[in-house]
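# Chains, contacts and geometry: an overview
Spelled out from the first residue to the last, the chains are:
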Amino acid sequence: MTIKIINKSAHELPNYETIASAGMDLRANITEPITLKSLERTIVKTGLFIELPIGYEAQVRPRSGLAAKKGITVLNSPGTIDADYRGEIGVILVNLSHEDFVIENGERIAQLIIAKHERAEWQEVQELSETSRGEGGFGSTGVK
């Protein structure tokens, strides 16, 4: 699949690091470092603009290393970029640690996953088929 992209950043295009990688790293495109204090959030721009085919979305997800080592994650994870969005890709980062985190220009801040999706049509009914789980809510399938 080919996706149209405009790169207004000074950084290389996102790419797959290995043959089996599902995601591509997104880099911060900022003019000066951003200090993210504990529990603060900010939108970090990437300088990237994409045109996805209809039936696809781009998912913005956290980088596991930043999350595990620094407590930095994507707040609306996964963030969805719809096929009709043409604005700059921004990443909503939040600092869940107790220490300040400095975001530098070019830093890998998130992953981008391209995913196919379906469009559903609702069929309004009066009842649903029964299952063994039934109306069991959160944690209802676990062993007791």
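Here's a quick rundown of the structure. Owing to the predicted nature of the structure, the values given are computational and were not obtained by experimental measurement.

As a further point, take the pattern of salt bridges. Side chains that differ in charge, positive against negative, can pair when their charged atoms come close. In this structure the tally under the stated criterion is 4 salt bridges. Its salt-bridge partner being E51, residue K4 comes within 3.9 Å of it at the nearest N-O pair. Here K4 is found in strand β1 (residues 4–7), whereas its partner E51 is found in strand β5 (residues 48–51), with 47 residues between them in sequence. The exposed category is assigned to K4, whose relative accessible area is 56%. Residue classification places E51 among the partly exposed residues on the basis of a relative accessible area of 33%. A salt bridge links D25 to R63; the shortest N-O distance between them is 3.3 Å. Here D25 is found in strand β2 (residues 24–27), whereas its partner R63 is found in the loop between β6 (56–61) and α1 (64–70), with 38 residues between them in sequence.

So, about the side chain of T46. Along the chain, T46 turns up in the loop between β4 (41–45) and β5. Within the local environment of T46, its side chain forms a polar contact with the backbone nitrogen of L48, the two atoms lying 3.2 Å apart. A distance of 2.8 Å separates a polar atom in the side chain of T46 from the backbone oxygen of I89. If we skip the residues at most four places from it in the chain, T46 touches S9, L26, R27, N29, E88, I89 and V91.

Of the consecutive residues S77 and P78, the connecting peptide bond is found in the cis state with omega at -10 degrees. The topology assignment puts P78 in the loop between β7 (72–74) and β8 (79–81). One non-glycine residue with positive phi stands out, namely L39, at about 65 degrees. With respect to the element layout, L39 can be found in the loop between β3 (34–36) and β4. When its relative accessible area of 61% is taken as the criterion, L39 is described as exposed.

The rules we used
Sequence order as written defines the numbering, with residues in each chain counted from 1. It should be noted that, the model being predicted, local features are given only for residues of pLDDT at least 70 and side-chain atom pairs only at 80 or more, the latter also being counted only at that level, while totals for whole chains, interfaces and linings use all residues. Each side-chain value is derived from all of the structure's non-hydrogen atoms; neither hydrogens nor water enter the calculation. Salt bridges are counted wherever a side-chain nitrogen of Lys or Arg sits within 4 Å of a carboxyl oxygen of Asp or Glu. Starting at the N terminus, helices and strands are each numbered in turn, a helix being any DSSP run of H or I of at least four residues and a strand any DSSP run of E of at least two. A simple rule labels every residue: compare its accessible area, found with a 1.4 Å probe on the protein chains alone, to the largest value its type can have, and call it buried under 20%, exposed over 50%, or partly exposed in between. Polar contact is defined as a pair of N or O atoms within 3.5 Å, subject to the rule that within protein one atom must be able to donate a hydrogen and the other to accept it, and that residues adjacent in sequence are counted only when both atoms are side-chain atoms. In this analysis, two residues are considered to be in contact whenever any of their non-hydrogen atoms come within 4.5 Å of each other.

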